[in-house]
Every structure is written in C-alpha cells, then in structure tokens.
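The primary structure of each chain is shown beneath.
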Amino acid sequence: MKKFFSIAAAFAAAIALPSGASASTLINGGFEASPAGPGAPTGWATNNAGLVQVVTSFNGGGVFTPYTAQEGAQFAVLATGAQNIATVLTQIFNLNQNETISFMVAFATTENPGETQFNDSGAFGIFDFTNLANSSLFSQSVSAATSQAGPWTRVSFTAPSTGSYALNASVRNVGDGIISSYLLLDAAGAVPEPGTWMLMLLGLGAVGFSLRRRKNLRVSFI
C-alpha cells in the first residue's frame, strides 16, 4: 500500500506541478463545478479519463442500491480498468497548519466478498510534500468487504504544517481485468477549524457569564 501511494504521489506531482508551477488551494472538492459525465472533474487530474465520471447518483449498472451525493448534487466515481493498473484521481493544493479537510468515500464491487483469487481494492489518501509522508485515510478490498456495496465513510485530515499536499483516490483490479469495482468520492460538510471552535467556546462562555450575572440581580418593590 505504501508503494502504491508513493507511485500515486509521483503521478500527481508529474501532472499537476509541471515546470515548477505552484500548488493552489483545493478546487472543486464537491465536484459541483463539473458537468455530469465522463472525464476528469474540474481541478482534478487522472491517468485514465475514460474510467472517471461525475454523477448525480450511481448504482453500478443496477447491481447496488443507488448511492446519492453527500454534499451538493454530484460526486465522482472511479472504475477499475486493466488488471493491476490503478485508476487514479488526484489534486495538489495548499493547506494551512491545523486546517482540516474531510471527504466521504465508498468502495463498491460486483465481486463476492471473501474472494481470494480476485481482490480488487480502493483507497483514498493524502501525500505531504513538506514531510514526504503518506497518510492512508481509507482502504477497502473485496476480501475485507462485508458487502458488495460498502457504505459512505467519512474521513478527515488535519495539516500538521502549512504546505503543499496531494489527494490521491484510486481503485484497481487485482487478479482479473473483467469484473469492475468502484471508488466513490464526495466532499463532506465543512469541519470547523481550531479558530472556529475557539470562537464558539468564547460565545458559549459569554452566554454563560451573562446568565450568571442575571442570577445576581436584585428586584425591590416599593
């Protein structure tokens, strides 16, 4: 898995930062800026545009109960292709220290859970260019799946330092190149940053102080 993330990160760097261009903040995390249909979503890059699509719902050709968007109206679907060649969707962007991003991820397959010959897998992670570190946020496979269509799973990442990061979503066929598996990706609701939490706590403290002051009021009737 570490080897795969390293390959994905190298792929991201090669296609998203040509000629020393600087990274940008996250673009189109909820895939709303993209028209529904096949191809790399706006702001994202892929190694196989024919296996990536933006959808409003997805049922794996009628095999699954339809998945629906978790944030907004659209999400991305990556499909497996040739045997042992991952389909990758990636984006390089900037994060400030302690800034948090979160996504909803799901892995769905038309194979039977517990198979050993075919072990398709899906993954979602982030690569830190400052520390050259991989963080696996989501990993699922056919053999580890409890059902053919796994649930949406929320994952979050908080930047340890200000710098450039790469999101890497991937899915691949292992042992066959015929039966399809899918990785679904959508933005989750915004996670309050530490500064936001502090403002909320200060607000609650102010309310509590105000109520306490009111208890000490004395009313006299003449």
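Residues numbered from 1 in each chain as written. Predicted model: local features only at pLDDT ≥ 70, side-chain atom pairs only at ≥ 80, totals over all residues. Heavy atoms only, no water.

**Considerations on the environment of Asp176**
Positionally, Asp176 belongs in the loop between strand E13 (163-172) and strand E14 (181-187). Asp176 gets classed as buried once you look at its relative accessible area, which sits at 5%. It is 8.5 Å that separates the C-alpha atoms of Asp176 and Asp120, two residues lying 56 residues apart in sequence. Residues in contact with Asp176, not counting those within four places in the same chain, are Gln83, Glu111, Phe118 and Asp120. (Helix = DSSP H or I, 4+ residues; strand = E, 2+ residues; numbered from the N terminus. Buried < 20%, exposed > 50% of the residue type's maximum accessible area, 1.4 Å probe, protein only. Contact = heavy atoms within 4.5 Å.)

**Quick word on the side chain of Asp128**
As for its placement among the helices and strands, Asp128 is situated in strand E10 (residues 121-128). Reaching out from Asp128, the side chain makes a polar contact with the backbone nitrogen of Thr130 at a distance of 2.8 Å. When near neighbours in sequence (up to four residues on either side) are disregarded, Asp128 contacts Ala133, Pro160, Ser164 and Tyr165. (Polar contact = N/O pair within 3.5 Å; in protein donor to acceptor, adjacent residues only side chain to side chain.)

**Examining the environment of Thr65**
Structurally, the position occupied by Thr65 is in the loop between strand E5 (57-58) and strand E6 (67-68). In this structure the C-alpha to C-alpha distance between Thr65 and Ala149, which are 84 residues apart in sequence, comes to 8.1 Å.

**Quick word on the confidence of the model for the protein chain**
Looking at the protein chain as a whole, the pLDDT averages 80, with 73% of positions reaching at least 70. Long-range and interchain partners of residues 13-23, a stretch whose pLDDT sits below 50, account for 14 contacts in this model, where long-range means more than four residues apart. Segment residues 190-202: pLDDT under 50, and 7 contacts once partners within four positions in sequence are set aside and those in other chains are kept. (pLDDT = per-residue confidence, 0-100.)

**Some points on the nonpolar core**
Counting residues in hydrophobic clusters, the biggest one holds 26 residues, and the most contacted among them are Leu89, Ile101, Phe103, Val105, Phe124, Leu167 and Leu185. Once you skip the residues sitting within four places of it in the chain, Leu185 turns out to touch Phe31, Trp44, Phe75, Ala76, Phe103, Met104, Val105, Phe124, Trp152 and Ala169. Membership of the second largest hydrophobic core comes to 15 residues, among which are Val55, Phe58, Phe75 and Ala108. (Core = buried A, V, L, I, M, F, W, Y, C linked by side-chain atoms within 4.5 Å.)

**Notes on the sheet that holds E14**
In space, the 6 strands of this open sheet follow the order E2-E4-E7-E14-E9-E12, with antiparallel pairing throughout. The open sheet terminates on both sides in strands that have one partner only, identified here as strand E2 (37-38) and strand E12 (153-158). (Pairing = 2+ DSSP bridges.)

**Observations regarding the environment of Val142**
Among the structural elements, Val142 can be located in the loop between strand E11 (133-141) and E12. Each C-alpha atom of the pair Val142 and Ala108 lies 8.6 Å from the other, and the pair is 34 residues apart in sequence. Sequence-distant contacts of Val142, that is, excluding residues within four places in its chain, are made with Phe107, Thr109, Glu111, Asn112, Pro113, Gly114, Glu115, Phe118, Asn119 and Asp120.

**Let's talk about unusual backbone geometry**
Although it is not a glycine, Phe31 adopts a positive phi angle of roughly 65°. Tracing the backbone shows Phe31 in the loop between strand E1 (24-25) and E2. Of note, the phi angle at Asn84 is positive, near 65°, even though the residue is not glycine.

**Side note on the side chain of Thr80**
Tracing the chain through its elements places Thr80 in the loop between strand E7 (75-79) and strand E8 (87-95). Here the side chain of Thr80 touches Asn173 through a polar contact of 3.1 Å, side chain to side chain. Within the structure, the side chain of Thr80 is placed 3.0 Å from the backbone nitrogen of Ser181, a separation counted as a polar contact. Not counting residues up to four positions away in its chain, the partners in contact with Thr80 are Leu51, Thr87, Val171, Arg172, Asn173, Ile179, Ser180 and Ser181.

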